[in-house]
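Geometric and topological summary
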Amino acid sequence: MNNTTTNTKFSLVYRVGAWWGRKREAVRRETLRRRCPPATVAADQIPAPVRTAWAHHAPTEFPGLATDDGAWLRCSLGLAQFFEACRLQKAQGACALPSKAADSVWHVWLKLDPAGLAAWQQRYFGRVVEHRESADLGAPPQDCMARTWTGACRSEGLELLGPKLPLVFALDGLLRLPTGWSYGYQKGTLAHRQIDGFGKPSGDVVMHAAIGGASLVALGLMTQSELTAALRKRQSSSDGGSSCGSRWDS
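Here's a quick rundown of the structure. Nothing here was measured: the structure is a model prediction, and the numbers come from that model. (Residues numbered from 1 in each chain as written. Predicted model: local features only at pLDDT ≥ 70, side-chain atom pairs only at ≥ 80, totals over all residues. Heavy atoms only, no water.)

**Some remarks on helix 3 (residues 48-61)**
Compared with an ideal rise of 1.5 Å per residue, which puts 14 residues at 20 Å, helix 3 spans 20 Å between its outermost C-alpha atoms and is within 8% of the ideal. Maximal helix bending in helix 3 amounts to about 40°, located at alanine 55; proline proline 59 follows within four positions. All of the buried residues along helix 3 are Val50, Ala53, Trp54 and Ala58. The inward-facing, buried residues of helix 3 abut helix 4 (69-88) and helix 5 (100-112). (Helix = DSSP H or I, 4+ residues; strand = E, 2+ residues; numbered from the N terminus. Expected span 1.5 Å × (residues − 1). Bend = angle between axes of the 7 residues up to and from the residue. Buried < 20%, exposed > 50% of the residue type's maximum accessible area, 1.4 Å probe, protein only. Contact = heavy atoms within 4.5 Å.)

**Structural notes on the packing of aromatic side chains**
Each pair of aromatic rings is reported with the distance of its centres and the angle of its planes. Applying the stated criterion across every chain, the model contains 11 aromatic pairs. Seen from their ring centres, phenylalanine 82 and tryptophan 106 are 5.8 Å apart, and the 50° between their planes marks the pair as tilted. Of the two residues, phenylalanine 82 is situated in helix 4 and tryptophan 106 in helix 5; the sequence distance between them amounts to 24 residues. Seen in terms of ring centroids, phenylalanine 169 and tyrosine 183 are 5.0 Å apart; in terms of plane orientation they differ by 80°. Their pairing is edge-to-face. Here phenylalanine 169 is found in helix 8 (residues 167-175), whereas its partner tyrosine 183 is found in strand 1 (residues 181-186), with 14 residues between them in sequence. Since its relative accessible area comes to 1%, phenylalanine 169 is described here as buried. Among the residues examined, tyrosine 183 registers a relative accessible area of 4% and is labelled buried. (Phe/Tyr/Trp six-rings, centres within 6.5 Å; stacked < 30°, edge-to-face > 60°.)

**Here's the deal with the packing of helix 5 against helix 6 (residues 114-125)**
The geometry of helix 5 relative to helix 6 is characterised by a closest axis approach of 5 Å and an angle of 120° between their N-to-C directions. It follows that helix 5 is oblique to helix 6 by the angle criterion. Counted together, Trp106, Trp109, Leu110 and Leu112 of helix 5 and Pro114, Gly116, Leu117 and Trp120 of helix 6 form the full contact between these two elements. (Axes fitted to C-alpha atoms, helices over the stretch in contact; angles between N-to-C directions. Parallel < 35°, antiparallel > 145°, perpendicular 65-115°, else oblique.)

**Quick look at the layout of surface pockets**
Each pocket or cavity is described by its volume, and for the largest pocket that value is around 620 Å³. Lining the largest pocket are 31 residues, with Ala96, Leu97, Arg132, Ser134 and Leu137 sitting closest to its centre. Of all the secondary structure elements, the ones that give two or more residues to the lining of the largest pocket are helix 4, helix 5, helix 7 (141-156) and strand 1. When its residues are assigned to classes, the lining of the largest pocket shows 16 nonpolar, eight polar and seven charged. (1 Å grid on protein atoms, 1.4 Å probe; cavity = no way out; pocket = protein on both sides within 12 Å on 5 of 7 lines; lining within 4 Å. Points joined across faces, edges and corners; volume = space filled by probe spheres on them. Nonpolar A, V, L, I, M, F, W, Y, C, P; charged D, E, K, R; others polar.)

**A closer look at empty space enclosed by the protein**
Following the criterion strictly, the structure yields one cavity of 30 Å³ or more and no others. Considering only enclosed or pocket space, the largest cavity measures out at about 30 Å³ in volume. Surrounding the largest cavity, Leu32, Arg35, Cys36, Ala39, Thr40, Leu77, Gln81 and Leu167 form its lining. When contributions to the lining of the largest cavity are tallied by element, the ones reaching two or more residues are helix 1 (3-35), helix 2 (37-43) and helix 4. Partitioning the lining of the largest cavity into residue classes produces five nonpolar, two polar and one charged.

**Section: unusual backbone geometry**
Following glycine 162, the chain continues into proline 163 via a peptide bond in cis, with omega recorded as 10°. Take proline 163: it is sitting in the loop between helix 7 and helix 8. Of note, the phi angle at arginine 176 is positive, near 50°, even though the residue is not glycine. Inspection of the secondary structure puts arginine 176 in the loop between helix 8 and strand 1. Positive phi outside glycine occurs at threonine 179, with the angle close to 75°. Assignment of secondary structure puts threonine 179 in the loop between helix 8 and strand 1.

**Comments concerning the nonpolar core**
Ranked by size, the top nonpolar core spans 63 residues in total, and within it Trp54, Leu65, Phe82, Trp120 and Phe169 carry the most contacts. Ranked by residues supplied to this core, first place goes to helix 4 with 10 residues. Aside from chain neighbours lying at most four places away, what touches phenylalanine 169 is Pro98, Met145, Thr148, Trp149, Ala152, Tyr183 and Leu190. (Core = buried A, V, L, I, M, F, W, Y, C linked by side-chain atoms within 4.5 Å.)

**A word on the sheet that holds strand 1**
In spatial order, the strands read 1-2-3; together these three strands make up an open sheet with antiparallel pairing. Each edge of the sheet is formed by a strand with only one pairing partner; in this case those strands are strand 1 and strand 3 (201-207). Taken over all neighbouring pairs, the strand axes of this sheet differ in orientation by 35° on average, direction set aside. (Pairing = 2+ DSSP bridges.)

The analysis is restricted to geometry; functional conclusions fall outside its scope.
Printed below as a string of structure tokens:
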């Protein structure tokens, strides 16, 4: 086989592979856009200058953060879903942001145009959520995270007992963001670990005991009847041998 034939075959394989990669990414993006419709509507209206500023400045504050079209879609949707979770849980109290990737958009927009950010939040979520550190939320961080979990799950129609993660909780892991947080299930409980410089979960496991059936009921985030129905469904799935979601038990 001469070099011309070899190069032609290699070129064909490369083109087919690139085409398939683009097609698969397009499907992934469309699936993401369908997960939380209110977040998608809001994210689509983020001004272009915010996107430009984010691509330029965010990687400086968050080294290793991708800034391509796919990353922007995920980060902007993640932030919008967090605000939707805050809207849904407004009566219960403050929420905590579980994603540094989503926070990267928030940071840039606050510096670029805080008035525009506030107007966008008010228009699409009916309120302005202030950017505060966890120590300033006025409630235990675990309770605030439980509210975010509940709102995010409800925004996607997910079971509150997992194991599937709503986007804003899965985001850092999807982007393999160094210093971000990777969420998963360990021994049946939601937990997170920090993501290392290689984009992998590592280090100590932080368990989220507040994101469990009894705790969610005690916090007023889930009714007893919802818990009973969810436990029955989980038992039924377990008896059938089916499983899904994000775990690092193995």
